[in-house]
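Summary of the model geometry
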Amino acid sequence: MSVLRRYWMVGLGFPRLTSARATLADKANTEYALSNLPIERLYDWEAVLETGFNVEQKENKNRSAHRSHVRRFVNWCFENGILINPAILTQKQKRIPEQPQAVGKRPKLRPNDIDFSKFALAEKDLTADQAQLLKTYGDYLEKTRQRQRRQKSIRDTTSSMRQRAVRKFWGFLHNQRGIPKEGLTFDSIIGLADFQDQVATDQVIDDFEDLALEYADFMAARGCVNRTISSDLVSLTRLCQYQYRGQYLNKHGNDIPLMGRLRELINYYEELSSNELAAIPLELKWLDLPHVINHVTLPAFRWTEHRTATWSKRSDTKIADDFANAIMFAVFTLMPPRRSGEWCRAKIAMACDLKSRPDDLREGEWIWPLPSDRRSQDEIKFSYLTRQYVHVDPQTGEKFGPYLGTMPPADRYLERVPMWFKDTPPRAAKSGDSHRYQRITILNRQVYQGKTLYDFLEAYLMGYWRDKRGNWVSLGRSLERPHEKFKYHELRSSLLKIEEASGEQPAGWFFLGRKSGKAIRIGDFGTKFALAFNRMTMHAQLGRRYMNPHLMRSVYAVYMIENSSSLAELKSLATAMGHTMETLERIYDKRRPDQKMRLIEVKVQKTIDDICGASTTWDLQGKSE
């Protein structure tokens, strides 16, 4: 115990002992920490113990006895099955599982195979005037200060959705009504009329209603659900405000005559959508979080091995893509899942200023800092991954540190540990207006053969040392080669492709396309998630299962609502997922009716049993009299 108290815990980052001999306070702090630390922290006991020796300036000749004490304790844990001996895992070659015979595509959800994007005008098909119109419209929506705009600005991703809706209506007018592309303007969708001219205003309203209804019938005939039609019409509300900018006083433009008819149509299709069947059948929804983790997330890390099932070597590019897939599943299942757009557009700093090195950074410690221009208008729109050192209470999990804006209290026994965060400004999240600046912790845990999620994350970003058997150590663990048999392999860097025009590497996107080597589009990110998920379920012989990042949020909400014991926990979950409590219950609560009634059924059953039990006792007493 004295070795753990004086050296091992100091190596973990706990404070040093206050004197040469442990005081009662030191013993109480040690018992408090050891009772709350997971036993798996002993896997790295040798490196941690060496760090503690260095901090305490222990002479090399006096270290071997202390090592032997801890080694005997760890071996005892191996022998009794408390810990898995990692030496067993390094004695055999490692390879990925056999590929399923037929992976196929993800489950079909609609009655036909029509791609609605083909009816929209592509950006390359726009004329110069139309491209300029959309650019001016985008500036009107995104710029912080914009004259004649009553509402606040929107994020660039939301702006692109509004512009895409315009291109969809233009494509409909061109392909179905036969209007030449050169004649398509905003007036073709939202006509202009003087408010004082009632006849012209009524004509503009009737023309728009005919267009909206014809467009809705066209989309519905091809299997489009009413919610999508309603969303397309909602996207036109900002275009209506743009067309009549400077001519209305209401914040939402409700005093524009055409806006009233547009909102009536939106409400109509929203009401229809509430009565239609779900786009995804219930039998295809896999709303069981433990099964998803055990059959998809954790097995996904097995696919990061360096050899195929037939012992062929795999390229670093394929290995890197499987590392990315495993990390992608982990951030959506092993922690409260955020919206897919935040992870799709997440970035990492590609350089740092050495002058900004934290003063409290100790020898042998390293961080992955935020970029120096983090507060610029260009970078404030993205989330950034960063590695920082914080002080953590081993029991309550409270975190303190300069990065979090809090100083560690002197009267608490805290552990100093490195943690990965997703630095998320308000403009990088859809819910940024309500939740403000969020520093989201990427939770760490063991996922595969004694390695943690942080090991895989750091190996993906920095590369790793690997031997012929497939044993590897990330650069986050060791910058030096562990043994002469180990060779360095790049992972994320192997996916990057140099820009031919400038000769520079693309921006530091966290997730990259395996073929393109560039950032993944939001729509393609969901497809990538669904196809990788389908491959894992087919391999587990569970049949085809549909899953996307948005549905994964429902999976998390269903499980946590079922198993949370207090309203405070659910409010904390809503904040961690980046929305409100109302949204958690209204959108993400996908429990079946029997699940929703389970709690009251148990309560009623217990109440009735108590009543009937009391009545039976009274009846028996009456008979006995």
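Description of the structure in this document. Every value quoted in this text rests on a predicted model; they were computed, and no experiment measured them.

Observations concerning helix α10 (residues 257-273)
- A rise of 1.5 Å per residue sets the reference length of α10, with its 17 residues, at 24 Å; its end C-alpha atoms lie 25 Å apart and thus fit the reference within 8%.
- Looking only at α10, the buried set comprises Leu258, Met259, Leu262, Leu265, Ile266, Tyr269 and Ser273. Along the axis of α10, the buried positions cluster into a sector of 125°, meaning they face one direction only. In α10, those exposed residues whose orientation departs by more than 90 degrees from the buried face are Glu264 and Glu271.
- Buried-residue contacts for α10 involve α8 (198-220) and α9 (226-243).

Some thoughts on the packing of aromatic side chains
- Applying the stated rule across the entire model yields 29 aromatic pairs.
- Seen in terms of ring centroids, phenylalanine 172 and tyrosine 215 are 5.6 Å apart; in terms of plane orientation they differ by 90°. Their pairing is edge-to-face. Linking phenylalanine 172 in helix α7 (residues 156-175) with tyrosine 215 in helix α8, this pair joins segments that are 43 residues apart in sequence. A single burial state applies to phenylalanine 172 and to tyrosine 215, both of which are buried.
- When the centroid spacing of 5.8 Å and the interplanar angle of 90° are considered together, the rings of phenylalanine 186 and tyrosine 242 count as edge-to-face. With a gap of 56 residues between them, phenylalanine 186 in the loop between α7 and α8 and tyrosine 242 in helix α9 connect regions that are remote in the sequence. Tyrosine 242 matches phenylalanine 186 in its accessibility class, with the two residues each being buried.
- Linked through ring pairs, Phe329, Phe332, Tyr460, Phe510, Phe511, Phe525, Phe529 and Phe533 together constitute an aromatic cluster.
- When the ring centre of tyrosine 437 is taken as reference, the NZ or CZ atom of arginine 439 above it lies at 4.6 Å.

Brief notes about the packing of α9 against α10
- Two elements in contact, α9 and α10, have axes whose closest approach is 8 Å; the angle formed by their N-to-C orientations is 165°. For the element pair α9 / α10, the angle class is roughly antiparallel. Our pair here, α9 against α10, has a crossing hand that is left-handed. Note on element contacts: α10 touches α9 through Leu258, Met259, Leu262, Arg263, Leu265, Ile266, Tyr269, Glu270, Leu272 and Ser273, opposite Asn226, Arg227, Ile229, Ser230, Leu233, Val234, Leu236, Thr237, Cys240 and Gln241.
- The class makeup of the residues in the contact of α9 with α10 is twelve nonpolar, five polar and three charged.

Section: the pairing of strand β2 (residues 384-392)
- Among the nine residues in β2, nine count as buried, and that is most of the element.
- Where strand β1 (residues 347-348) and β2 come together, two bridges link them in parallel fashion. Looking across to β2, one finds that lysine 347 is bridged to tyrosine 384.
- Bridging between β2 and strand β3 (residues 399-400) involves two bridges; their strand directions are antiparallel. Across the sheet, histidine 391 pairs through a bridge with phenylalanine 400, a residue of β3.
- Between the end of β2 and the start of β3, which pair antiparallel, lie six residues, with glycine 397 showing a positive phi angle near 80°.

Definitions and limits used
- Residues numbered from 1 in each chain as written.
- Predicted model: local features only at pLDDT ≥ 70, side-chain atom pairs only at ≥ 80, totals over all residues.
- Heavy atoms only, no water.
- Helix = DSSP H or I, 4+ residues; strand = E, 2+ residues; numbered from the N terminus.
- Expected span 1.5 Å × (residues − 1).
- Buried < 20%, exposed > 50% of the residue type's maximum accessible area, 1.4 Å probe, protein only.
- Arc of directions from axis to C-beta.
- Contact = heavy atoms within 4.5 Å.
- Phe/Tyr/Trp six-rings, centres within 6.5 Å; stacked < 30°, edge-to-face > 60°.
- Lys NZ or Arg CZ within 6 Å of the ring centre and 35° of its normal.
- Axes fitted to C-alpha atoms, helices over the stretch in contact; angles between N-to-C directions.
- Parallel < 35°, antiparallel > 145°, perpendicular 65-115°, else oblique.
- Left-handed = near helix turned anticlockwise from the far one by under 90°.
- Nonpolar A, V, L, I, M, F, W, Y, C, P; charged D, E, K, R; others polar.
- Pairing = 2+ DSSP bridges.

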